[in-house]
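# Structural overview
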Amino acid sequence: LDQAQQAREQVRQAQVLWQRATSQTVLTGHTGEINLLAFQPGGSLLVSSGSNDQSLLLWDTVSGETRSILNGHADIINALVFSSDGQWLASGGGHYKGADFTLRLWDVAAACSRSVMDFHTNQVNALAFSPDSSRLASASADWRVGVWSVPEGVKLDIFEGHQGAATCLAFSPD
């Protein structure tokens, strides 16, 4: 690779977290393009997902240090969300040509997978926690929305009948 290609590759593999308008911290670690970012409530932890490396990296937003690397997905990660209490992180995988359409519930403090929900038959497009963090909803390109218990990962409800891919969702605040 020439110098310009190397520079582009470094930019592609890094995320820049702006702490103030005049300073920045470069966060590195992914081996693929970054397609998702989420802040833990309170802002002390940032999580990112590499679209090609199937991993989630959690960084301390003050020091810029990598706190954890979460592995488990076997395909692109398309959806990412923290629970309102910051205890849980949910990720959803898949690519229409891929093989991993699972949802994963991660215990943030322990940096480990707590539940794996293998239900959807196409990519997971969106995730949302209920306001009390007791339920997780998933929207998929398989035209279905699922609702799961947290942290058990038990299927509570399925909504079918969409006329196309379910691409977004939200819980009512009450």
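Up top you'll find the structure we're talking about.
One structure accompanies this document, and this report is about it. (Residues numbered from 1 in each chain as written. Predicted model: local features only at pLDDT ≥ 70, side-chain atom pairs only at ≥ 80, totals over all residues. Heavy atoms only, no water.)

### Notes on unusual backbone geometry
The omega torsion of the bond from valine 150 to proline 151 falls at 10°, within 30 degrees of zero and hence cis. Among the structural elements, proline 151 can be located in the loop between strand 13 (145-149) and strand 14 (155-159). At serine 133, a position not held by glycine, the phi torsion is positive, near 65°. Following the sequence through the fold, serine 133 ends up in the loop between strand 11 (124-129) and strand 12 (135-140). (Helix = DSSP H or I, 4+ residues; strand = E, 2+ residues; numbered from the N terminus.)

### Brief notes about the side chain of serine 68
Mapped onto the elements, serine 68 comes out in strand 6 (residues 66-71). By relative accessible area, serine 68 is classed as buried at 14%. Among residues more than four places away in sequence, those in contact with serine 68 are Leu56, Leu57, Leu58 and Ala111. (Buried < 20%, exposed > 50% of the residue type's maximum accessible area, 1.4 Å probe, protein only. Contact = heavy atoms within 4.5 Å.)

### Focus on the sheet that holds strand 13
Note: strands within a sheet are paired through backbone hydrogen bonds, in either parallel or antiparallel orientation. In spatial order, the strands read 11-12-13-14; together these four strands make up an open sheet with antiparallel pairing. With one partner strand each, in any of the chains shown, strand 11 and strand 14 form the two edges of the open sheet. Each strand of the sheet is rotated relative to its neighbour by a mean of 20°, with strand direction disregarded. In the sheet, strand 13 pairs with strand 14 via four bridges, with the strands oriented antiparallel. Residue pairing across strands places valine 147 opposite aspartate 157, the latter belonging to strand 14. (Pairing = 2+ DSSP bridges. Axes fitted to C-alpha atoms, helices over the stretch in contact; angles between N-to-C directions.)

### Quick look at the pattern of salt bridges
Under the definition given, this model contains two salt bridges. Two residues, arginine 144 and aspartate 142, come together in a salt bridge whose shortest N-O distance is 3.1 Å. Both residues of the pair, arginine 144 and aspartate 142, count as buried. The residue arginine 144 makes a salt bridge to glutamate 160 at a minimum N-O spacing of 3.8 Å. Here glutamate 160 lies in the segment after strand 14 and arginine 144 lies in the loop between strand 12 and strand 13, a separation of 16 residues in the sequence. (Salt bridge = Lys/Arg side-chain N within 4 Å of Asp/Glu carboxyl O.)

### Some thoughts on the packing of aromatic side chains
In this description, an aromatic ring pair is defined by two values, namely the gap between the centres and the angle between the planes. One pass over the full model with this rule turns up one aromatic pair. Seen from their ring centres, phenylalanine 119 and tryptophan 148 are 5.7 Å apart, and the 65° between their planes marks the pair as edge-to-face. Highlighted residues: phenylalanine 119 in the loop between strand 10 (112-117) and strand 11 and tryptophan 148 in strand 13, separated in sequence by 29 residues. You can call phenylalanine 119 buried: its relative accessible area is 17%. By relative accessible area, which is 4% here, tryptophan 148 ends up buried. (Phe/Tyr/Trp six-rings, centres within 6.5 Å; stacked < 30°, edge-to-face > 60°.)

### Thoughts on the sheet that holds strand 9 (residues 103-107)
If you walk across this open sheet you meet the four strands as 7-8-9-10, and the pairing is antiparallel. The outermost strands of the open sheet, each flanked by one partner alone, are strand 7 (77-82) and strand 10. Here the average twist between neighbouring strands, direction ignored, is 20°.

### Some points on the environment of leucine 105
Along the chain, leucine 105 falls in strand 9. Taking relative accessible area as the criterion, leucine 105 reaches 1% and is therefore assigned buried. Spatially, the C-alpha atoms of leucine 105 and proline 151 are 7.2 Å apart, while their sequence positions differ by 46 residues. Leave out the neighbours within four places in its chain, and leucine 105 touches Trp88, Leu89, Ala90, Cys112, Ser113, Arg114, Ser115, Met117, Phe129, Val150 and Pro151.

### As for the nonpolar core
A general trend in soluble globular proteins is that nonpolar side chains are found buried together. Of all hydrophobic cores here, the largest spans 14 residues; its most connected members are Ala90, Leu105, Leu127, Phe129 and Leu136. Listed by contribution, the elements that provide at least two residues to this core are strand 7, strand 8 (88-93), strand 9 and strand 11. Of all the elements, strand 11 adds the most residues to this core, at three residues. Among all residues touching leucine 136, those that are not within four sequence positions of it are Val81, Ala90, Met117, Leu127, Ala128, Phe129, Gly146, Val147, Trp148 and Val150. Formed by 13 residues, the second largest nonpolar core is a distinct cluster that contains Ala38, Leu80, Phe82 and Trp106. (Core = buried A, V, L, I, M, F, W, Y, C linked by side-chain atoms within 4.5 Å.)

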